[in-house]
Amino acid sequence: MSDITEPQIMPQGAPPSAAKPAMGAATSRVDGRLKVTGAARYASDLYGGANPAHAYLATSTIARGRITRLNEADARKVPGVLDILTFRNVGDRIKPGKIFSQKGYMGSSIAPLASDRIQHGGQIVAMVVAETFEAAREAAHRLQIEYAAETPSATFDSPGLESISAEASSREGEQPGEEKPKVGDAAAALAAAPVTIDQRYETPIQHHNPIELFTTACAWTDGKLTVWEPSQNMYGFQNGLAEQLGMAAADIRVISPYVGGGFGSRGSLTQRTALVALAAQRLRRPVRLETTRDQGFTIATYRAETRHRVRLGAGTDGKLQALIHEGWEVSSRPDNYKVGGTDATTRLYACPNVDSEVTIVHADRNTPGFMRSPPEVPYMFALESAMDELAVALKMDPIELRRVNDTMHEPIKGLPYTSRTLMPCFDAAAKAFGWSGRDAQPGSMRDGEWMVGWGCATSLYPTNMGPATARVVLTPQGTVKVQTAGHEIGTGITTVLALMAVSGLGVDIAKVTVEVGDSALPPAPVAGGSNSTASIATVVAQACEQIRGRIAGAAVAAENGPFHGMDPAGLVLVDGTLRASSGASEPLEAAMSRTAGGAIEAYAENIPHGVPEGALKKLYLGQGTLMGGAKLKDRMQFAFGAQFVEVRVNARTREIRVPRLVGAYAAGRIVNPKAAKSQLMGGQIWGVSAALHEATEIDRRAARYTNNDLAEYLIPVNADVQEVTTILLPEQDTQVNELGIKGIGELGNVGLNAAVANAVFHATGVRVRELPIRLEKLLEA
Amino acid sequence: MRPFNLDHAATLPAALAAARPVAGARVPPTAAPAQFIAGGTQMLDLMKLDTMQPATLVDINALSAAHGRIEAKSDGLHLGALVRMSEAEAHPDILRDYPVIAQTLQMAASPQIRNMASLGGNVLQRTRCCYFRDPGWAQCNKREPGSGCAALDGVNRKHAVLGVSDQCIAAYSGDFAQALVALGAEVQTAGPNGVRTIAFEKLHTASDNPHTETVLAPGELITGFRVPSGPWTRRSAYVKIRDRESYAYGLATAAVALDIQGGVVREARIGLGAVSYRPWRSHEAEAALRGKPLTEDTANATARAAFAGAKPRQDNAYLIDLGRRTLARALLQASRLEA
Ligand SMILES: Cc1cc2nc3c(=O)[nH]c(=O)nc-3n(C[C@H](O)[C@H](O)[C@H](O)COP(=O)(O)OP(=O)(O)OC[C@H]3O[C@@H](n4cnc5c(N)ncnc54)[C@H](O)[C@@H]3O)c2cc1C
Ligand code: SF4
C-alpha cells in the first residue's frame, strides 16, 4: 500500500525542472497558475468576436400542452431588442437530431422551437436577442405567453406514465451493452436460499450544476461558423451542429479551451446551440447567450430518478446463491434514455444464479443524461445497500461478506477480470479507518450527544477506452506541442499529456504546450466514461514514440555518430539527450540535426482492444466508440475501490454529519498521483453530497422543478467536509492497454452513497432506502 | 429585471421624500413603486427573478452615519438599521450580554452576504417559498392576491406549521428576527407620518392576508431596533437545525433566553423560526415553563405546548417533532450557561 505523498507546492505555473515531473510523479497542474489567477479563458469568457449581441431565453411554465398565444409587442418595445426567435420563425430550420446513446449527438431529441408543442417544464419557448444582456432579459420578461395546458406525468407513480423494457427499447444503432444479464435460475435459487434479502431502493433527480453556466457564443465569417461553448465533446458538437443546421462539419469550429465543470452535462449537444447559431446568422452579427442557473435545470440533461428492487439469496456462509436486480428509470416521452447499471451489478460478485431487468418509464420531462458515474451511482447504491442488509441478516462483517464473494471471473459468462484489487482496497481502507474498533450492533457507538456509525461499500468503474488521435511536434530546442481535441474539464488532462511528452521525449515540462478543446485539432473521444487518460495518453505516447523512432533511426544510421549500428529500439530520449544503455549520449539538438527538416511532427491514431476498425472514421464524424467494462467479448476491465464513512447523527435533533471519509482505490498505472488524489477526493465528497444533500424537487402536479438554485439545491460546504483520506494502491494491469492505465475520473463517488446509508443504519438502526437521507427519515428512531 | 431609477439619498428626509408614496395609492409596502435598498442581497435577487419590479430604488446606505451604530447601555441595546450583520455578530457587548443575537447572525447566510446585508433589510427578508420567488407559478397569494396558494398541496417540506392559514403557509426563514421577537425588541421607524416605535412582535402581520407582510406604511423606513435588557439576555442561545452544517436556511430553529433563579425558571423568552409564518414568540411555551425547574421533562412539555396549535401539510409534518426537539435542545443548552 502506498499512500500518496503530500504534493509539494510549485512556486510558479510550470514546476521547476528540479522536481523532475514524469509519468507517475506527483505533478502540479501546468495550467494551475492560469486558473487560480483568473487568466485561463473559458468558453464563457470568449465573447464571439467584436460587438456581440446578447441573447436571453424564455422558458415554459407548463410541462405539457401547446402555446396558444405568444404576444411579442411589449417585448419588441424594449429599446435595443434586435430579434426574437420563436417556433414561428424557427420551425424546421433546425433539425431536432437523435440522442447521444442512439448514435446521435443530442442530449434530447425534443426540439423546443420546432412547433407550439411543450413537452417538458422549462422548455425554451423564445430567445430574445438585444444590444445588451439587460435589454434581452427585460424583453424576455415582457413576452406574453399563454398555454393550453394538459395534465403532465411528472415522475414515478404519476398517472399517465408509459413504460418499456430496456431490452425492447434497444434497437439498431444503440450503444452496445447487454440489456439483461442473466445466468442460472435465480428465482429457484432465491426460493431455496437460507438467507434472503428483498428490498426496494430509490435515488432522486440530480442536476450537475457546473459553476460555468450553459453559455454559447456564435460568430459567422464567410459562411463558416465558430462556436464558443463549454463542451466535453468537441467533434460531437461540431458534427451534431452540422447535422442540425444542414451544413458541412468542416465549416464549423467549436472552441472550449477550459471547461468550468462538466460532470457529463456537456457531453451531448443541447438545443440552445443551434438557436444561437441561427440568431447570429439572421442578424449577421455574433450572438452570445447567457443562461441562468434555473434554466440550467431544464435546458440541459440531468440524472434521472431511479427505483430498484434487489433480491439476494445467500448460504449461511455468506456466499451468494441468487442475485436479482431490477431497475426503473425515468426518461422523456420521446427518448429511450437509460443508464442501465445492471451490466456491472450482476457481475461484481461470484454468484451462480443471476437475473436482471431495466425498465424505462416515460414522463413529461426533458431527456436525462450522463452524470458522473451514470449507471454506477444509482445501481451500486441499491446493490451495496442490499449487501449491507445481507451482512446484517447473516451477522457477518460486511467486509468479510465481500471477501467470500470476491471473484476473478464475472459470473454471467465466466469472463476474467484483467485485474481486480478489490479486497486489498478494503483491507487498506479498513486499516486506515480503524474498522477493527467497530461494534457491529446498531446504535452502540456514541460520542456525547452524537450517535456514531461506521459503514463501507464497494466502488467500481469500468475501464473504458476509445479510438483517439494526436499530433506531437518536437523542435531541436526541446519544445514540444501536443495537440488533440481532448477536454480540460478540470480533471487535469493537459498535465497528464504534458507528462507523456516529458516521459516520451525527455524534455522539460516547462517546454511542453498542450492544446486541447478545439475541434480544429485531431479528434479525441468525449470526456466521458473516464476514458480520456487511457485513450489520449496512449495515443500521445505513440506519437512521441514515432518521433523517438525517427531520431533513433537516423542516429544508428549515422556512420560518424556515437550510436552507429545500435538497435534503435534501445535508444531513449531523456533529459534533453539521446541515450543508449551503453552510456553513449548526445544532446537532442545534435541528434535531431540528422533528421530531415527542422522540427519533427508525428500524428498518431490508436484503436483500442475490442473496438471495430471503422471506429476512427466515426471518430472524425464525432461518433465515439467507447469500449471496456463489461462490454468486451473476451474479458472484464474494471477499476475497484473501497469506501469507508463515519457519520454522526444528533441523538435529539437527528441532523447527520460526516466527519470522516476513507477511500482506497486501485486503478492501474497512475500518471499524475497529485491530480488523481484530488479527483478521487472530489468524488468522495460528491458521494456524501449524493447521499445526504443533492436532490431536485419536483412539483408532482406541474412536473416542474422547485429548488432550482444553489441556495435550495444543496451540496456540501466546507463545514460539511472534515477528514478525507484517499489511498491509492499500486496495481499493474498488463492487458487493459499498453500503459496499464485505468480511468479514475468516476471511481471516487461510486458506492459512497451506500456507505453513508450503511453508516447511518449502524448509527441509528434505521435503514434509509430512499436518497437523499434527510433528518426527518431518522426522527422516529 | 426591469429598468429602474436609482436614487442615492444622503439624508433621512431625502430618503423619505424619494420614497414618498403617490397620494391615494393603496398598496402594501412591498408592492410600492419606490423601494429602499440597503445591502441589496435580497432586493437584487428578487428583481432578477422578476418577482419584484420597483420603478425606483432609494439607496439608504449613506444614512449609516446616523443609523448604523451599535450602542449597548444598561437599559438595553440599540442597533441602527444600517448596521451590517457581520458587525453585530462580532460586537463584544452583544457577544457577552446578548449571545442569542450574535448567534442568529453568525449562523445566517455566508460571511460574504453578512458583510453586505443590513439588520433593517434582514428583518424584512421575504419568504423562500419557491412558488413566491418564481413568477412562473400562477398561484401565490403573497405575490398575486387572490390567486391561491400553490404550496398547500405542492412541495412544502420547508413550509411553516405555526401561524399558517389556508391563504399562505410560507415560512419566515430569517434568524435574527427570532432573537428580536424573543427578547421583546422594538422597531423604530421614520415615515411620511413621522417617527414611531413598534413592538417587534407586531411588525410582521398574520398569514390571512399574505400580500401584506408588515404594518409598515409605504415609504416608512426602519431606523433602528431597541432590545431591552433583562436578567435573561445573557443566558440565551440559538439552535438552528439545517440540512447542512453552514450556509443554509433553518428547518427548525429556536431562540431562547432564560432567567433562572434558585433552580426555577422565573422568565423564559422563546422565539421559533423556520417553522412559523412570521417571527414567532411562543407565549404558550413561555407560560408552560415559568415557575418550573428546567429538566428534560419540563423542556419536552414546554416544546409540546409550543407546537400545540401546529398545522402540518403533506411534507412538513416532521417539523412539529423536529421543532419540539429543537426547542428542548435550546432550552437545555441555555440552562447550562452562566447568567
Ligand atoms: C444565499 C442566501 C442565503 C441566506 N441565508 C440566510 C440565513 O441563513 N438566515 C437569514 O436570516 N438570512 C439569510 N439570507 C438573507 C439575508 O440575510 C438577507 O438577504 C439580508 O439580511 C437582507 O439585507 P440587505 O441589507 O441586503 O437588504 P436589501 O436587499 O437591501 O433589502 C431587503 C428588503 O428590505 C427593505 N429594506 C432594507 N432596509 C430597510 C430599512 N432600513 N427600512 C425599510 N425597509 C428596508 C428593502 O426595501 C427590501 O425590501 C440569505 C440570503 C441569501 C442571498
Ligand atoms: S405559501 Fe404563501 S408564498 Fe408560498 S405559494 Fe402559498 S401563498 Fe405564495
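The rules behind each value
Residues numbered from 1 in each chain as written. Chains lettered and ligands numbered in written order. Predicted model: local features only at pLDDT ≥ 70, side-chain atom pairs only at ≥ 80, totals over all residues. Heavy atoms only, no water. Near = heavy atom within 4 Å. Polar contact = N/O pair within 3.5 Å; in protein donor to acceptor, adjacent residues only side chain to side chain. Areas by Shrake-Rupley, 256 points an atom, 1.4 Å probe, with all protein chains shown as cover. Helix = DSSP H or I, 4+ residues; strand = E, 2+ residues; numbered from the N terminus. Nonpolar A, V, L, I, M, F, W, Y, C, P; charged D, E, K, R; others polar. Contact = heavy atoms within 4.5 Å. Buried area = accessible area lost by both parts, 1.4 Å probe. Salt bridge = Lys/Arg side-chain N within 4 Å of Asp/Glu carboxyl O. Buried < 20%, exposed > 50% of the residue type's maximum accessible area, 1.4 Å probe, protein only.

Draft legend 1. Spotlight on the site of ligand 1. Residue and element names in this part refer to chain B. Every one of the 31 residues lining ligand 1 counts as a neighbour, but Phe36, Gly40, Thr41, Ser118 and Asp175 are closest to it. For ligand 1, an oxygen atom lies 2.9 Å from a polar atom in the backbone of Gln42. Here ligand 1 has 970 Å² of accessible area as a free molecule, and 94% of this is covered by the chains. Elements with a minimum of two residues in the shell around ligand 1: β2 (34-37), α8 (119-123) and β8 (221-228). Here the shell around ligand 1 is built from residues that sort into 17 nonpolar, 11 polar and 3 charged.

Draft legend 2. Focus on the side chain of A:Glu389. With respect to the helices and strands, A:Glu389 occurs in helix α11 (residues 376-394). Excluding residues within four positions of it along the chain, A:Glu389 makes contact with A:Ile197, A:Gln199, A:Tyr201, A:Arg767 and A:Arg769.

Draft legend 3. A look at the interface of chain B and chain A. Counting residues at the interface gives 37 residues for chain B and 36 residues for chain A. Between chain B and chain A, roughly 3200 Å² of surface is buried when both sides are summed, and carbon and sulfur atoms account for 49% of that area. Note that B:Arg128 is salt-bridged to A:Glu712, the shortest N-O span being 2.7 Å. The tally of links from chain B across to chain A stands at 20 residue pairs in polar contact (both at pLDDT 80 or more). Listing elements by their share of the side of chain B that touches chain A, those giving two or more residues are α9 (130-133), α12 (296-306) and α13 (318-335) of chain B. When the residues that make up the side of chain B that touches chain A are grouped by side-chain class, the tally is 15 nonpolar, 5 polar and 17 charged.

Draft legend 4. Just the pattern of salt bridges, in detail. Tallied over the entire structure, the rule returns 71 salt bridges over all chains. Residue A:Lys742 pairs with A:Glu731 through a salt bridge whose shortest N-O separation is 2.9 Å. Of the two residues, A:Lys742 is situated in the loop between β32 (723-729) and α19 (752-764) and A:Glu731 in the loop between β32 and α19; the sequence distance between them amounts to 11 residues. Owing to a relative accessible area of 2%, A:Lys742 belongs among the buried residues under this scheme. A:Glu731 sits in the buried class, given a relative accessible area of 10%. Note that B:Arg234 is salt-bridged to B:Asp97, the shortest N-O span being 2.9 Å. Of this pair, B:Arg234 sits in the loop between β8 and β9 (236-241) while B:Asp97 sits in helix α5 (residues 92-97); the two residues are 137 residues apart in sequence, bridging distant segments of the chain. Owing to a relative accessible area of 17%, B:Asp97 belongs among the buried residues under this scheme. Salt bridges here are not isolated pairs; linked through shared partners, they connect A:Asp709, A:Glu712, B:Asp45, B:Arg128, B:Arg133 and B:Lys158.

Keep in mind these numbers describe shape, not what the thing actually does.
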